[in-house]
Amino acid sequence: MVPMRGFFLLPANLTHDKKDTGDARAFSFLQILELMPFLLQPPSMLFVENVVGFETSDTHAKLIEILEKTNFITQEFILSPLQFGIPYSRPRYFCLAKRKPSSFVNEFLNSQLIQSPRPLFEHFDTVANEDDSLQEDRHKLLQSCQPIEKFLELKNPRNDIDVEPATLMTGLSNATPRTLGGDNDHEYDSLHQYYVPPSLVERWGSAMDVVYPDSNRCCCFTKSYYRYVKGTGSLLATVQPMKRDKTSLKEQCLRYFTPREVANLHSFPEDFVFPEHISLKQRYALLGNSLSIAVVAPLLQYLFTEP
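Residues numbered from 1 in each chain as written. Predicted model: local features only at pLDDT ≥ 70, side-chain atom pairs only at ≥ 80, totals over all residues. Heavy atoms only, no water.

**Some remarks on the pattern of salt bridges**
So, step 1. Counting across every chain of the model gives seven salt bridges.
So, step 2. The partner of Glu306 in a salt bridge is Lys98, with the nearest N and O atoms 3.8 Å apart. A residue pair is termed long-range when its members are at least 10 positions apart, and Glu306 in the segment after α9 (293-304) and Lys98 in strand β5 (residues 92-99) qualify at 208 residues. (Salt bridge = Lys/Arg side-chain N within 4 Å of Asp/Glu carboxyl O. Helix = DSSP H or I, 4+ residues; strand = E, 2+ residues; numbered from the N terminus.)

Written out as structure tokens, the structure is:
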């Protein structure tokens, strides 16, 4: 929990496995909620982030019950960086809460679960009918997203379809990537560590989410990224195949996104760096547990804006 001038940021990912209030990770969150009615100086605002699915949990029901009893009004969102032009699919649940007499700019959206970023940028005089525009908005998401190549730190040579994988591997292996750990970190002095071993491609190829530099979407990176392959995040094809299918994966020279690239997709600033003693696996784990600045920044601005 992070207090800041009457503003509390509550911990996230507490009911990830649908154990609801029985999940040990929810204990601290529930303790905070139970203390709320007894605070002499309760916060004026709350910001809660969690995985999608939290909105249907017992813990969520407890959150809303206590907030209502302690004179808070809420607006809830499920948003992804894709909705902000970032080619990164990471949907998350957010709850914004204000203690009366404060109110939201779009007060007609109180006590609603909203799946569009429009309220963050537009003023509504009546409740918007999300169902009518949601399908159209989703269709436009990928069209509005920048290509993944804009977020890469390790640029491939020209990816013509006649480039041999072995040639590309040789050319890339001599490059020195710009990393989050500093230029002197021996752990990051080549690209070999980022390439997916052929054995993993052979074993998990059918389950991999493979993307290309011109793709407009990649999957959420988890804290297990780089240690496992299945369901932990997208892999980047460094060779453009004639046909994009699973049968040619071995020829596409798949690699992991680097920590800097994952940070870029989280919209971290260019001057963000990890301390040099943080290992590569630790960096991936920390990034996998982090928030998307592209999503959180407008949410916070909306929360702090008074009508």
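And the narrative resumes.
**Some remarks on the sheet that holds strand β9 (residues 254-255)**
So, step 1. Read from one edge of the open sheet, three strands run β7-β8-β9, paired in mixed fashion. Two strands lie at the open edges of the sheet, namely β7 (210-211) and β9, each paired on one side alone.
So, step 2. Alignment of strand β8 (residues 235-237) against β9, held across two bridges, turns out to be antiparallel. Each bridged residue has a counterpart across the sheet, and for Ala237 the counterpart in β9 is Leu254. (Pairing = 2+ DSSP bridges.)

**Side note on unusual backbone geometry**
So, step 1. In this model, Lys100 is joined to Pro101 through a cis peptide bond whose omega is 15 degrees.
So, step 2. Along the polypeptide, Pro101 turns up in the loop between β5 and β6 (113-114).
So, step 3. Its identity as a non-glycine residue notwithstanding, Asn71 has a phi of 75 degrees, on the positive side.
So, step 4. Tracing the backbone shows Asn71 in the loop between α2 (58-69) and β4 (72-79).
So, step 5. The exposure class assigned to Asn71 is partly exposed, which follows from its relative accessible area of 38%.
So, step 6. Within the chain, Ser267 stands out as a residue other than glycine whose phi angle is a positive 65 degrees.
So, step 7. Here Ser267 is to be found in the loop between α7 (259-265) and α8 (280-288). (Buried < 20%, exposed > 50% of the residue type's maximum accessible area, 1.4 Å probe, protein only.)

**Considerations on α9**
In an α-helix, one turn spans 3.6 residues; hence positions three or four apart end up facing the same way.
So, step 1. For α9, spanning twelve residues, the distance from its first C-alpha to its last is 16 Å, which sits close to the expected 16 Å at 1.5 Å a residue.
So, step 2. By the burial criterion, the buried members of α9 are Ala294, Val295, Val296, Pro298, Leu299, Tyr302 and Leu303. (Expected span 1.5 Å × (residues − 1).)

**Some remarks on the environment of Thr238**
So, step 1. Take Thr238: it is sitting in the loop between β8 and β9.
So, step 2. Among the polar contacts made by the side chain of Thr238, one reaches the main-chain carbonyl oxygen of Cys253 at a distance of 2.6 Å. (Polar contact = N/O pair within 3.5 Å; in protein donor to acceptor, adjacent residues only side chain to side chain.)

**Considerations on the pairing of β5**
So, step 1. For β5, the buried fraction is high: seven of the eight residues fall into the buried class.
So, step 2. As defined by bridge partners, strand β3 (residues 45-51) adjoins β5 across seven bridges and the pair is classed as antiparallel. Looking across to β5, one finds that Leu46 is bridged to Ala97.
So, step 3. Across eight bridges, the pairing between β4 and β5 is antiparallel. Of the residues in β5, the one forming a bridge with Thr74 is Ala97.

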